[in-house]
Amino acid sequence: IAPRPKFAKQDSVIYELHLRDFTPDGKYTSLQAKIPHLLELGVNTVQILPLCEFANGDQYGWGYDSVHFNAPETSYARQKPVRELKQMIDSLHKANLKVVMDMVYNHTMENHQRIYSFQGLAPNYYYRMKSPREFWNGSGVGNEFNSEAPMARQFIKDSLKIWVNEYQVDGFRFDLMGLIDRQTLRQITRELPPEILI
């Protein structure tokens with residue numbers, strides 16, 4: 001496994017990409033062939049749109065309909081998503097490129113396509129509720145994740161640590177960060193290694 005690239009946060013030159021758009025077949029293993037192009041652009045950090053499992057992975061989309069926050073998107077893999085994503089990140093590190101993941105913790109796909117994850121586990125706990133039957137909807141997709149609830153906050157922190165420790169991700173960009181409470185964000189910055197880009 002290649003070591004993480006080491007350079008100061010303020011020296012980051014970030015290129016945002018969508019894996020499906022940037023590679024010919026939208027696969028983790030295909031990104032390696034595009035590394036010379038990234039280096040020609042003069043970037044040292046690659047910010048990739050959501051890579052965790054999302055609801056419409058078999059259709060074209062941006063990945064903002066996250067379903068399983070701690071698992072890699074299977075449609076981007078040929079056979080073994082975990083191994084192939086780790087190989088992709090390792091190949092970027094070998095080229096001295098950091099990897100930032102776009103994360104969508106502000107909402108989930110509850111009630112879409114009969115997906116019931118947090119609501120099925122503990123009704124009305126993991127979401128901000130206007131009433132017992134009405135969700136707040138600052139995300140525009142039907143709900144807001146209740147990051148200030150202790151176990152919801154812990155879930156976000158544990159999820160980030162999985163990506164940092166297991167997959168060697170170097171940083172995160174939070175979609176609709178304003179929907180995540182300040183205390184959670186402060187705890188994230190304290191508990192993740194200082195070199196992690198946020």
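Just above, that's the structure.
Worth saying up front: this structure is predicted, and the values here are computed from it rather than measured.

Another point: the nonpolar core. In this structure, Leu51, Met88, Leu92, Tyr105, Trp163 and Phe172 are the most contacted members of the largest nonpolar core, which totals 45 residues. The leading source of residues in this core is helix H5 (residues 150-165), at five residues.

Turning to helix H3 (residues 81-94), a few remarks are in order. Given a rise of 1.5 Å per residue, 14 residues ought to cover 20 Å, and the 20 Å separating the end C-alpha atoms of H3 matches this to within 8%. Where H3 is buried, its residues meet helix H1 (19-22), helix H2 (35-41), strand S2 (45-48), strand S4 (66-72), strand S5 (98-103) and H5. The positive-phi residue at the C-terminal boundary of H3 is Asn96, with phi of around 65°.

Take the pairing of S2 next. Side-chain alternation along S2 places Thr45 and Gln47 on one buried face and Val46 and Ile48 on a second face that is also buried. Bridge analysis of strand S1 (residues 14-17) against S2 gives four bridges, and the strand direction is parallel. Within the sheet, the bridge partner assigned to Leu17 lies in S2 and is Ile48. For S2 and S5, the ladder comprises four bridges, and the chain directions are parallel. Pairing of Ile48 across the sheet is with Met101, part of S5.

Time to look at the side chain of Asn106. Among the structural elements, Asn106 can be located in the loop between S5 and helix H4 (118-121). A distance of 2.9 Å separates a polar atom in the side chain of Asn106 from the backbone oxygen of Asp175. Among residues more than four places away in sequence, those in contact with Asn106 are Ser139, Asn143, Glu144, Phe145, Asp175, Leu176 and Leu179.

Turning next to unusual backbone geometry. Most peptide bonds adopt trans geometry, and most residues besides glycine take a negative phi value. In this model, Asn96 sits at a positive phi of 65°, which is unusual for a non-glycine residue. Secondary-structure assignment places Asn96 in the loop between H3 and S5. In this structure, Gln168 takes a positive phi of about 65° despite not being glycine. A relative accessible area of 25% means that Gln168 is categorised as partly exposed.

Parameters at a glance
Residues numbered from 1 in each chain as written. Predicted model: local features only at pLDDT ≥ 70, side-chain atom pairs only at ≥ 80, totals over all residues. Heavy atoms only, no water. Core = buried A, V, L, I, M, F, W, Y, C linked by side-chain atoms within 4.5 Å. Buried < 20%, exposed > 50% of the residue type's maximum accessible area, 1.4 Å probe, protein only. Helix = DSSP H or I, 4+ residues; strand = E, 2+ residues; numbered from the N terminus. Expected span 1.5 Å × (residues − 1). Contact = heavy atoms within 4.5 Å. Pairing = 2+ DSSP bridges. Polar contact = N/O pair within 3.5 Å; in protein donor to acceptor, adjacent residues only side chain to side chain.

The analysis is restricted to geometry; functional conclusions fall outside its scope.
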